[in-house]
Amino acid sequence: MRSHSMRSNSILKFLYISPFMVLLAVFAYYPLYGWVYAFFDYMPPIPLSKAPFVGFKWFHSLVENQVKVDQLLQVIKNTFGISGLSILFSWLPMIFAIFLTEIKAVRFRKFIQTVTTLPNFISWVLVYSLAFSMFSSEGVVNGFLNQIGLIDSPVLFLQNSEHVWITMWIWITWKSLGWSAILYIAAIMGIDESLYEAAYVDGATRMQVIRHVVLPSMLPTYFVLLMLQIASFLNNGLEQYFVFQNAFNKDTIQVLDLYVYNLAMGGGSYSVSVAISMLKSLISVALLFSVNGLSKLLRGEGIV
Amino acid sequence: MSDHQTELAPIAKDNKSRFSKKIKMQVSPTDKMISAVIYVLFSLFAFICVYPFYSIIINTISANDLSAKGEIAFWPRGIHFQNYVDVFKIPGLWNAFVISLGRTVIGTLLTVGASAFLGFMFAQEDMWGKKFWYRFTIITMFFNAGIIPWYLTMRSLHLTNSFLAYVLPSIVAPFFIILVKTFVESTPKELQQAASIDGAGILTIFYKVILPISKPILATVAIFSAVNQWNSFQDTLLLVTDTKLYSLQFILYNYINQASSLSTMVNLQNAGSTAMASLSTKQTTTSIRMTVTIIVVAPILLVYPIFQRFFVKGIIIGAVKG
């Protein structure tokens, strides 16, 4: 009797959360059904039910001719370039946190932390607007350079197609560096004080303390975050690249997310773009699981 | 040896803060140099983080003709506030402000409520299929179908050009649920047990016991979700063609691209009322863009300093386990 009521109690609890599970099913799982578009010759506004089934045609079409292959390769290169730069410099927030906590003047440190986390809270549209105000041909920077006589004609920072990966990485870093450092600051706060004591008793200098006490204590956090970053290698997001794209930098700024968007919304090629979207999601999941497996192998625990 | 001990003594008393002036280390010249470099680099980065905001603010209140030539760099010149008056006359801007505010308030309330309830429920020991449903929720953080399938879904649910599209999909937010769950699990179990023995049902426990003690974490979730809602751009871009539903972010993006036609329009409107619009208050493409930027960023700049310390703590609470 008792166990019966406990059981009904536990089902009741599920009933309470079930409406939310339905929401999840609709907004996170049902979109997977959209993948069927990749197997049909879908041309809006004709409904899917009237579109002919074409099997893997669209997947084949991705590698059908040299032009398409080149285009896709360039997109993949851009994705790898920008994500690669981020991973290459993924230690920056850690170093940022280490040296920030080395600052002894409390007010100064708090000020720096407050100010450097601010950009994290504004949207990419706002970042673009700031970038535009600063770096467009009538922007503050060009005005300033012109005034002090360094240049005669404005420098076209935003229309440049050559250093797009680096400028995109710089904007990402500007926006997120201070914020990403917070986790490391939390990790530094958690370091056992006796380790410091021991180091000082042994006569360690500040740099030695950082190298032998602080850094090793941060590595677990670093590896977890690094692996998460690797797992989302293909997901650069759409917004940043969408707002920064223009006719001049289009070739070097199109990452997978933007390419998928431009194909579907710009060109109306839903089926191809869903095919790419699908491949991207599948590869991402595979990446996540391999990184998770690697983490289990190396550290004895997974990240997911 | 005894020397060291007296120096180290304060640590034992106050081992919570690494920053208290605990240790008198020998400061070598290299250390001093390192310190100097640290101060300079951090100051520089801080400057780079604030300057764009500062620069745009002083430009919006400076004489528009100077600002258009990029001559306002460090301090305002020819201060006036006409830009803000004019910009709100642009059709659609006020409406977008209401839409953005509306989705922020409604979306935040729904997300905070759902995150609190789900975080609490997932901290319950006995729930049918608890482990499965928790995973079912968390996996969505790492895996999604992609934006085009998502768009097609929203279209087939008739959620394009609908205010609901702004708030419904964000109600169940896995990351916030993890934060609340971690928090609830760190509170004493006896609280819930005592209430349960007194005959309180699960909803009463949630409402009367958990909600009041979860205020700090809920405030963190609220501020994050409010910022997300306010900043959201992609959903308007993908789902909305009805100008009545445009959000401020979307309007700002459009204005950056078509500010020149807008400035002509505003100037034409004003031509009747003020006999001669002076050069310093006449709208330029630059003044329109910058003023709208400030209107969009202002709520964040105002709210941010108040809540900053708060949500840094919140994220650290969640990060301990998450």
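Right, let's walk through the structure included here. Each residue is numbered by its place in its chain's sequence as written, counting from 1. Each chain gets a letter, beginning with A, and each ligand a number, beginning with 1, in the order they are written. Two thresholds apply to this predicted model, a pLDDT of at least 70 for residue-level local features and 80 or more for giving and counting side-chain atom pairs, whereas whole-chain, interface and lining totals are computed over all residues. By convention in this description, side-chain values take in all heavy atoms of the structure and omit both hydrogens and water.

Some details on the side chain of Thr-117 of chain A
Counting from the N terminus, the helices are the DSSP runs of H or I reaching at least four residues and the strands are the DSSP runs of E reaching at least two. Counting through the fold element by element, Thr-117 of chain A comes out in helix H5 (residues 106-117). With relative accessibility at 1%, the residue Thr-117 of chain A sits in the buried group. In protein, a polar contact requires one atom able to donate a hydrogen and another able to accept it; more generally it is a pair of N or O atoms within 3.5 Å, and residues adjacent in sequence count only if both atoms are side-chain atoms. Engagement of the side chain of Thr-117 of chain A in a polar contact is seen with the backbone oxygen of Gln-113 of chain A, the distance being 2.8 Å. The contact partners of Thr-117 of chain A, leaving out residues within four places of it in the chain, are Gly-178, Trp-179 and Ile-182 of chain A together with Tyr-304 and Gln-308 of chain B. Buried means the residue's accessible area, taken with a 1.4 Å probe over protein chains only, is under 20% of the maximum for its type, while exposed means over 50%, and partly exposed covers the values in between. For this analysis, residues touch if any pair of their heavy atoms sits within 4.5 Å.

Notes on a nonpolar patch on the surface
Patch membership is restricted to residues that have no salt bridge and whose relative accessible area is over 30%. Joining uses 9 Å for like charges and 5 Å for the nonpolar side chains Val, Leu, Ile, Met, Phe, Trp and Tyr. Where accessible areas are quoted, they stem from the Shrake-Rupley method and a 1.4 Å probe; at the residue level, only the protein chains shown are allowed to cover. Salt bridges are counted wherever a side-chain nitrogen of Lys or Arg sits within 4 Å of a carboxyl oxygen of Asp or Glu. Residues Phe-144, Ile-148 and Leu-150 of chain A together with Leu-44, Phe-47, Ile-48, Tyr-54, Phe-74 and Trp-75 of chain B make up a contiguous nonpolar surface patch of about 940 Å² in total accessible area. Per-element accounting of the nonpolar patch gives the leading share, four residues, to helix H2 (residues 29-60) of chain B. Position of Ile-148 of chain A relative to the elements: it lies in the loop between helix H7 (140-147) and helix H8 (164-189).

Overview of the interface of chain B and chain A
Taken together, the 98 residues of chain B in the interface contact 92 residues of chain A. Taken over both partners, the interface formed by chain B and chain A buries close to 9200 Å², and the fraction arising from carbon and sulfur atoms is 76%. If you look at where chain B meets chain A, you find one salt bridge. A salt bridge links Lys-13 of chain A to Asp-126 of chain B, with the nearest nitrogen and oxygen atoms 2.7 Å apart. On the surface where chain B and chain A come into contact, there are 15 residue pairs in polar contact (both at pLDDT 80 or more). The class makeup of the residues in the side of chain B that touches chain A is 69 nonpolar, 22 polar and seven charged. Note on terms: buried area is the combined drop in 1.4 Å-probe accessible area of two parts once they are placed together, counting the loss on both. Three classes are used, and their members are as follows: Ala, Val, Leu, Ile, Met, Phe, Trp, Tyr, Cys and Pro are nonpolar, Asp, Glu, Lys and Arg are charged, and the others, Gly among them, are polar.

Side note on the packing of H5 of chain A against H8 of chain A
Residue and element names in this part refer to chain A. Relative orientation of the contacting elements H5 and H8 amounts to 130°, with a least axis distance of 7 Å. In this view, H5 runs oblique relative to H8, as classed from their interaxial angle. The segment H5 lies against H8, with Gln-113, Thr-116 and Thr-117 engaging Gly-178, Trp-179, Ile-182 and Ile-185. In terms of residue class, the contact of H5 with H8 is made up of three nonpolar, four polar and no charged. Angles here are taken between N-to-C directions and fall from 0 to 180 degrees, while the axes themselves are lines fitted to C-alpha atoms, restricted in helices to the stretch in contact. Every angle not falling under 35 degrees, over 145, or within 65 to 115 is termed oblique; those three ranges are roughly parallel, roughly antiparallel and roughly perpendicular.

Some words on the environment of Pro-220 of chain A
Residue and element names in this part refer to chain A. Among the structural elements, Pro-220 can be located in helix H10 (residues 206-231). Taking the relative accessible area as the measure of exposure, Pro-220 reaches 40% and is therefore partly exposed. Expressed as a C-alpha distance, the spacing of Pro-220 and Arg-299, which sit 79 residues apart in the sequence, is 8.5 Å.

Section: the packing of aromatic side chains
Paired rings are identified among Phe, Tyr and Trp, the last through its six-membered ring, by centres lying within 6.5 Å, and are further divided according to the angle between planes into stacked (under 30 degrees), edge-to-face (over 60) and tilted (the rest). By the definition in use, this model includes 53 aromatic pairs over all chains. Seen in terms of ring centroids, Phe-74 of chain B and Trp-75 of chain B are 6.5 Å apart; in terms of plane orientation they differ by 40°. Their pairing is tilted. Taken together, the aromatic side chains of Tyr-128, Phe-132, Phe-135, Phe-157, Trp-171, Trp-174 and Phe-244 of chain A together with Phe-53 of chain B make up a single cluster linked through ring pairs. Note on criteria: charge over ring means Lys NZ or Arg CZ within 6 Å of the ring centre, with the direction from the centre no more than 35 degrees off the ring normal. Directly above the ring of Trp-58 of chain A sits Lys-57 of chain A, whose terminal nitrogen or CZ lies 4.5 Å from the centroid. Cation over ring: Lys-175 of chain A sits above Trp-124 of chain A, and NZ or CZ is 5.3 Å from the ring centre.

A closer look at empty space enclosed by the protein
Using protein atoms alone on a 1 Å grid, points that fit a 1.4 Å probe yet trap it form a cavity, whereas open point sets bounded by protein on both sides within 12 Å along at least five of seven lines form a pocket; residues with an atom within 4 Å of a point count as lining. Grid points are joined across faces, edges and corners, and a volume is the space filled by probe spheres set on the points. Tallied over the entire structure, the rule returns one cavity of 30 Å³ or more. If you add up the space inside the largest cavity, you get close to 50 Å³. Residue lining of the largest cavity: Phe-132, Ser-133, Ser-136, Glu-138 and Gly-139 of chain A together with Thr-286, Arg-289 and Met-290 of chain B, and that is the complete set. For the lining of the largest cavity, the secondary structure elements donating two or more residues are helix H6 (124-135) of chain A together with helix H15 (285-321) of chain B. The element best represented in the lining of the largest cavity is H15 of chain B, accounting for three residues. When the residues that make up the lining of the largest cavity are grouped by side-chain class, the tally is two nonpolar, four polar and two charged.

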